[in-house]
Amino acid sequence: MTGWLDAMPVTNEASLSRAVRQLRKRVMLKLLTRDLGGLADLNEVMTTMTALAELVIRRAQACIMQSLVEQYGAPAGVNSGVPQEMLVIGMGKLGGGELNVSSDIDLIFAYPEDGETNGARSLSNHEFFTKLGRRLINLINEATGEGYVFRVDMRLRPYGDSGPLVMSFAGLEEYFFTQGREWERYAWIKARVVSPAINPLNETTSHSTKLQNTAAKSLVIPPAGEGANESLHELFVHELMQLARPFVFRKYLDFGAFASMRKLHAQIRQEVQRRDRLNNVKLGPGGIREIEFIAQVFQLIRGGRDAGLRILPTLQVLQVLRENAQLEPGTVAGLSAAYVFLRNLEHRLQYLDDQQTQDIPEHPDDRALLAEGMGYPDYTAMLEQLDRHRALVSAQFALIFSTQEGDAPDNTLWHDNMQEEELRNGLGELGYADAAGLAERLLQIRDSVRYRQLQDSSRQRFDLLVPQFIARSAAQPNRDQTLTRLLNLLESIGRRASYLAFLAEYPLALQRLIDLANASAWASDYLNQYPILLDELLDAREIYRAPDWAALDAALHKQLAECEQDIEQQMDVLRQFQHVQTFRLLALDLQGLLPLETLSDHLSDLADLILRHVLQLCWREARKKHRNEPQFAIIAYGKLGGRELGYASDLDLIFLYDDPHPDAGEIYARLAKRINAMLGSYTSAGRLYETDLRLRPNGEGGLLVSSIEAFAEYQQKHAWVWEHQALTRARFCVGDARVGEQFKAIRHQVLRQPRDISTLRQEIIAMRQKMRDGHPNNSQLFDIKHDSGGMVDIEFMVQFLVLAHAHDHPELTNDRSNLRLLHRCGELGLVDAQQAERVCDLYRKLRALQHKMRLNNQVPCRVDADEIDTAPVLALWKALLGAGSAS
């Protein structure tokens, strides 16, 4: 197309007008022949028409721009002084690269900055670009003796027909956030700058490839300022899409999109019925628009968090939804097949008279031609296939956009005029033990300023949810606690319309939420803290699936790469990933699908994964660095080192390096500070982990990072016995593998050195007493962690066995699990094997009990002394460390 147009004698707008009209006729004739002859598929038809539209717009804009500059001078920004240009934004099917053979082209005109031209007859930038826009429309849209090129529709611009033809970026941004309506968000999903071109590709490249390679023109924002060669035009496009993106894609999951799309669809359906256009393959039931709505609603809901959904073509969006398990593969296959069929049918309807129509004709001859063009023997056969496709689309649309409400809730206990006595009696009848307290709480919510200030739609959803919470919580074993936890959550999210919409739209997810609230106070608090996790309740297949850490690591790497230029966003991606994976493990745990030891392994794997990415990000952002990869390692101690991490465990870490660079100590100290800050700092997305760095050499008074040589010297010459106890659980976590191997060698050397067992025994006993003094228990209950015969006693005995016997049995330094080490000591005859197994069984019981109590915020973890038989622990302690030492 470009070559043919270049060969035409184009010297002005009039000659260009004739040339592009002739070009359209040539393209249409060839395309019609190839399409009806079965030589072109739908993609070729759509991309060819899109390429034609883009070429015409660009040539027309360049021609008119040159003429206007000759008259008025070049426009420049009043503040920046830089040359200005008008960006032509393709909307709808043009923006999506899906233009049909007789489409209007929906356009919006915008320019970066107000100012004026530099010619003798100066115009403001607004006047200049208004002239450019009008002449551009006339050249493309005006019907002449040679026909027209494309009908131009400008009604999607801000304020529609009554608004200015062109608008500055500042005006556009103000409109988005003060006047922008919901339907405009849907329209801007497919927005793409089509002229001037970004990095024009040669004509041998397919237009579908061009659409993929010019993602910068869509709402997938290209990185800014990557190099000096980035053109001013690319910067303008980046700025435009950056200001449009938050209008279209919300930062959080936007489940309110369901109601908005449902309302818009109802308006369209009413108009179709009013105009008796039920046989319209675009707007009628089961038509093209319903498929587009299905794709777009997921884009609006999740596009703010998932950059992979900020793509343009409908068929590609459906494939991403299949890959993300948002839609079943069979559903996507059916919708895709229907889309291709309906779009092909749309083209054949438009071939009849070169009109933009989607209505099936009434005349039998036209219907016969239509069936022949679709490859069917007659109209009846084609209609049967059309009906099957439309039925499938209608069913899927109804499934996705239905309110999904079950039985109507009993609103007798929640209404504007409810009285305390009425509410109290009703709750009592439902079996609530503290009916009076819950009634008072509900009345406080109803009378609160926060409730009264809710928007009408949010209040309606709130009023829908409360009676459901009351009724469904009453069916739970812990009904009072369940309802209290749910009301806490509801108050927390009350002003977040999207979360209320989510719970109102998905009763199955609502039931999972109620089950979770019944099972765990800690889980409810976690949701209160991170309500964005409510989305995880939607898909039972995902939330109850054991993690595949390799696949999850790859997905996280991809997410981080998509926002490579924004470290703050990358930090939020890490936090959201960590919270999601923790919540999924929590869901598995509460369903009884994860043994505690497996859960701890998974939580430790998650922490390792996060630490690896944090180290990579922090080194990449380091201002002063002298090598591509740091010779630096993170060493895990405590629960993470022993792979016994819990949901709320902090991370005991130290930092080591082995680097001869003269500034290595300073460089790696800064790196460690940044790692610690990234792990522990709070943002709106929460935080990753609390850290404890006090186990480093010399504790809080020591350097934040240590060289391998300094660490070895400290451990061999200066470390206390309790530091060697801690070393029994330490392991290389992430970083430079060579530094990790050096740490491993030092650890083995230190732990395997010969020790005087009598002296060691006294050191261990003294340290245990010091810990006991730091955790006094004045109650009559048994503290399962700190009291004699509890978990700490078991852990101290394992550490004693390793330090006392690793010289003779070096294999004891190869493991860090208390259970496996104690079992191994029994096999080696260092303790009685049966006694060791009894202690292992008790340790498992204590850990499980501690875990269960922490899930319901029962801290400190104390139980009736009669519930725990500590005799095996006390007996083993006596055998190893002496009588009375654990009493």
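The shown structure was predicted, so the numbers you read here are calculated from the model rather than taken from an experiment. (Residues numbered from 1 in each chain as written. Predicted model: local features only at pLDDT ≥ 70, side-chain atom pairs only at ≥ 80, totals over all residues. Heavy atoms only, no water.)

Undergrad: Which residues make up the overall build of the chain, and what values do they have?
TA: Within the chain, the regular secondary structure consists of 37 helices and 14 strands. With the principal axes as the frame, the chain shows a C-alpha extent of 110 × 75 × 55 Å. Looking at the chain alone, contacts between residues at least 24 apart form 74% of all its contacts between residues at least 6 apart. Carbon and sulfur atoms make up 49% of the accessible area of the chain, which totals about 38300 Å². If you average the places of the 99 positive and of the 116 negative side-chain charges in the chain, the two averages end up 2 Å apart. (Helix = DSSP H or I, 4+ residues; strand = E, 2+ residues; numbered from the N terminus. Contact = heavy atoms within 4.5 Å. Areas by Shrake-Rupley, 256 points an atom, 1.4 Å probe, with all protein chains shown as cover. Lys, Arg positive; Asp, Glu negative; His and termini not counted. Charge placed at Lys NZ, Arg CZ, Asp CG, Glu CD.)

Undergrad: Go over empty space enclosed by the protein, please, and point to the residues and values.
TA: Under the defined criterion, the tally for this structure stands at six cavities of 30 Å³ or more. Every residue lining the largest cavity is listed: Gln578, Thr582, Leu603, Leu606, Leu645, Gly646, Tyr647, Ser649 and Tyr689. Within the residue set of the lining of the largest cavity, elements represented by two or more residues are α26 (567-590) and α27 (596-621). The residue makeup of the lining of the largest cavity, split by class, is five nonpolar, four polar and no charged. (1 Å grid on protein atoms, 1.4 Å probe; cavity = no way out; pocket = protein on both sides within 12 Å on 5 of 7 lines; lining within 4 Å. Points joined across faces, edges and corners; volume = space filled by probe spheres on them. Nonpolar A, V, L, I, M, F, W, Y, C, P; charged D, E, K, R; others polar.)

Undergrad: With reference to specific residues and values, describe unusual backbone geometry.
TA: With an omega dihedral of -10 degrees, the bond running from Ser195 to Pro196 counts as a cis peptide bond. Structurally, Pro196 is set in the loop between β7 (192-195) and α8 (207-213). Cis geometry is found at the peptide bond from Val859 to Pro860, where omega equals 0 degrees. Position of Pro860 among the secondary structure elements: in the loop between α36 (833-855) and β14 (862-864). In this structure, Ala325 is a non-glycine residue whose phi angle is positive, near 65 degrees.

Undergrad: Just give me the short version of the pattern of salt bridges, but keep the residues and values in it.
TA: For the coordinates displayed, the defined rule picks out 44 salt bridges. The closest approach of N and O atoms between Asp608 and Arg643, which form a salt bridge, is 4.0 Å. Of this pair, Asp608 sits in helix α27 while Arg643 sits in the loop between α28 (638-641) and β9 (651-657), placing them 35 residues apart in sequence. Taking the shortest distance from any N to any O, the salt bridge between Arg768 and Asp793 comes out at 2.5 Å. Note that Arg768 is positioned in helix α33 (residues 757-774) and Asp793 in helix α34 (residues 791-805), a separation of 25 residues in sequence. The exposure class assigned to Asp793 is buried, which follows from its relative accessible area of 0%. One network of salt bridges, in which partners are shared, links Asp601, Asp605, Asp608, Arg643 and Arg731. (Salt bridge = Lys/Arg side-chain N within 4 Å of Asp/Glu carboxyl O. Buried < 20%, exposed > 50% of the residue type's maximum accessible area, 1.4 Å probe, protein only.)

Undergrad: Can you lay out the packing of aromatic side chains for me, pointing to particular residues and giving the numbers?
TA: On inspection of all chains with the given rule, the structure shows 15 aromatic pairs. A centroid spacing of 5.9 Å and a plane angle of 25 degrees characterise the contact between Trp619 and Tyr668, whose relative ring orientation is stacked. Taken together, the residues Trp619 in helix α27 and Tyr668 in helix α29 (residues 664-680) connect sequence positions 49 residues apart. With centroids separated by 5.8 Å and ring planes inclined at 20 degrees, the aromatic side chains of Phe632 and Phe655 adopt a geometry described as stacked. Of the two residues, Phe632 sits in strand β8 (residues 632-637) while Phe655 sits in strand β9, which places them 23 residues apart along the sequence. Using a relative accessible area of 0% as the deciding quantity, one classes Phe632 as buried. Owing to a relative accessible area of 2%, Phe655 belongs among the buried residues under this scheme. (Phe/Tyr/Trp six-rings, centres within 6.5 Å; stacked < 30°, edge-to-face > 60°.)

Undergrad: Break down the nonpolar core for me, with residues and values.
TA: Counting 103 residues, the largest nonpolar core has Leu513, Leu534, Phe632 and Ile675 as the members making the most contacts within it. Ranked by residues supplied to this core, first place goes to α27 with 12 residues. Ignoring anything within four residues of it in the chain, the contact list for Leu534 reads Leu489, Ile493, Tyr499, Phe502, Leu503, Leu513 and Leu527. (Core = buried A, V, L, I, M, F, W, Y, C linked by side-chain atoms within 4.5 Å.)

Undergrad: If you had to explain the side chain of Asn818 to someone new, which residues and values would you point to?
TA: Along the chain, the position of Asn818 falls in helix α35 (residues 818-828). At a separation of 3.4 Å, a polar atom in the side chain of Asn818 contacts the side chain of Glu644. Look past the residues within four positions of Asn818 in its chain and what remains in contact with it is Glu644, Arg729, Glu795, Val798 and Tyr843. (Polar contact = N/O pair within 3.5 Å; in protein donor to acceptor, adjacent residues only side chain to side chain.)

Undergrad: If you had to explain the environment of Gln358 to someone new, which residues and values would you point to?
TA: Within the element layout of this structure, Gln358 appears in the loop between α13 (329-353) and α14 (364-373). A distance of 3.1 Å separates the side chain of Gln358 from the side chain of Glu346, its partner in a polar contact.

Undergrad: Describe the packing of helix α19 (residues 456-473) against helix α22 (residues 507-519), and please don't skip the residues or the numbers.
TA: It is at 11 Å that the axes of α19 and α22 come closest, and there the two elements cross at 50 degrees. It follows that α19 is oblique to α22 by the angle criterion. When you trace α19 past α22, the crossing you get is right-handed. Where α19 abuts α22, its residues Leu465, Gln468, Phe469, Arg472 and Ser473 lie against Pro507, Leu510, Gln511, Leu513 and Ile514. (Axes fitted to C-alpha atoms, helices over the stretch in contact; angles between N-to-C directions. Parallel < 35°, antiparallel > 145°, perpendicular 65-115°, else oblique. Left-handed = near helix turned anticlockwise from the far one by under 90°.)

Undergrad: Quick one: what's the story with helix α2 (residues 13-36), residue by residue and with numbers?
TA: Quick reminder: α-helices carry 3.6 residues per turn. Residues three or four places apart thus point the same way. Between its terminal C-alpha atoms α2 stretches 34 Å, which fits the 34 Å expected from 24 residues at 1.5 Å a residue. Of all the residues in α2, the buried ones are Ser15, Leu16, Ser17, Ala19, Val20, Arg21, Leu23, Arg24, Val27, Met28, Leu31 and Asp35. With a side-chain oxygen lying 3.2 Å from the backbone nitrogen of Ala14, the N-terminal cap of α2 falls on Asn12. Just beyond α2, the residue with positive phi is Gly38, at close to 75 degrees. (Expected span 1.5 Å × (residues − 1).)

Undergrad: Let's hear about the side chain of Ser168: which residues, and what values?
TA: Among the structural elements, Ser168 can be located in strand β6 (residues 166-168). We classify Ser168 as buried; its relative accessible area is 9%. In terms of polar contacts, Ser168 uses its side chain to reach the backbone amide nitrogen of Gly171, at 3.1 Å. Excluding its chain neighbours within four sequence positions, the residues that come into contact with Ser168 are Tyr111 and Asp114.

Undergrad: Mind laying out the pairing of strand β3 (residues 104-111), listing which residues take part and the relevant values?
TA: The buried count for β3 comes to eight of eight residues, which makes it a mostly enclosed element. Of the two faces of β3, the one carrying Asp104, Asp106, Ile108 and Ala110 and the one carrying Ile105, Leu107, Phe109 and Tyr111 are both buried. Two elements, strand β2 (residues 87-90) and β3, share four bridges in a ladder whose sense is antiparallel. Directly across from Ile89, in β3, lies its bridge partner Ile108. Of the pairings in the sheet, the one linking β3 to strand β5 (residues 151-153) comprises three bridges and is parallel in character. If you follow Asp106 over to β5, its bridge partner there is Asp153. Inspection of the sheet shows β3 paired to β6 by three bridges, in the parallel sense. Counterpart to Phe109 in the pairing with β6 is Val166. (Pairing = 2+ DSSP bridges.)

Undergrad: Run through the packing of helix α20 (residues 479-493) against helix α23 (residues 521-529), naming residues and quoting values.
TA: At a minimum axis separation of 9 Å, α20 and α23 run at an interaxial angle of 5 degrees. Of the possible angle classes, the one that applies to α20 and α23 is roughly parallel. Touching Arg485, Asn488, Leu489 and Ser492 of α20 are Ala521, Ser524, Leu527 and Asn528, all from α23. When grouped by side-chain class, the residues that make up the contact of α20 with α23 number three nonpolar, four polar and one charged.

Undergrad: Tell me about helix α37 (residues 871-881), and please be specific about residues and values.
TA: Inspection of α37 places Pro872, Val873, Leu876, Trp877, Leu880 and Leu881 among the buried residues, and these make up the whole buried set. Projected onto a plane normal to the axis of α37, the buried residues spread over an arc of 130 degrees and lie on a single side. In α37, the exposed positions angled more than 90 degrees off the buried face are occupied by Lys878 and Ala879. If you follow the buried residues of α37, they end up packed against α33, α34, α35 and α36. Just downstream of α37, Gly882 is the residue with a positive phi angle, here 110 degrees. (Arc of directions from axis to C-beta.)

Undergrad: Describe the confidence of the model for the chain, and please don't skip the residues or the numbers.
TA: With 90% of its residues at a pLDDT of 70 or more, the chain shows a mean pLDDT of 88. Scored below 50 in pLDDT, residues 199-218 makes 36 contacts in the model with residues more than four places away or belonging to other chains. Scored below 50 in pLDDT, residues 220-230 makes 18 contacts in the model with residues more than four places away or belonging to other chains. (pLDDT = per-residue confidence, 0-100.)

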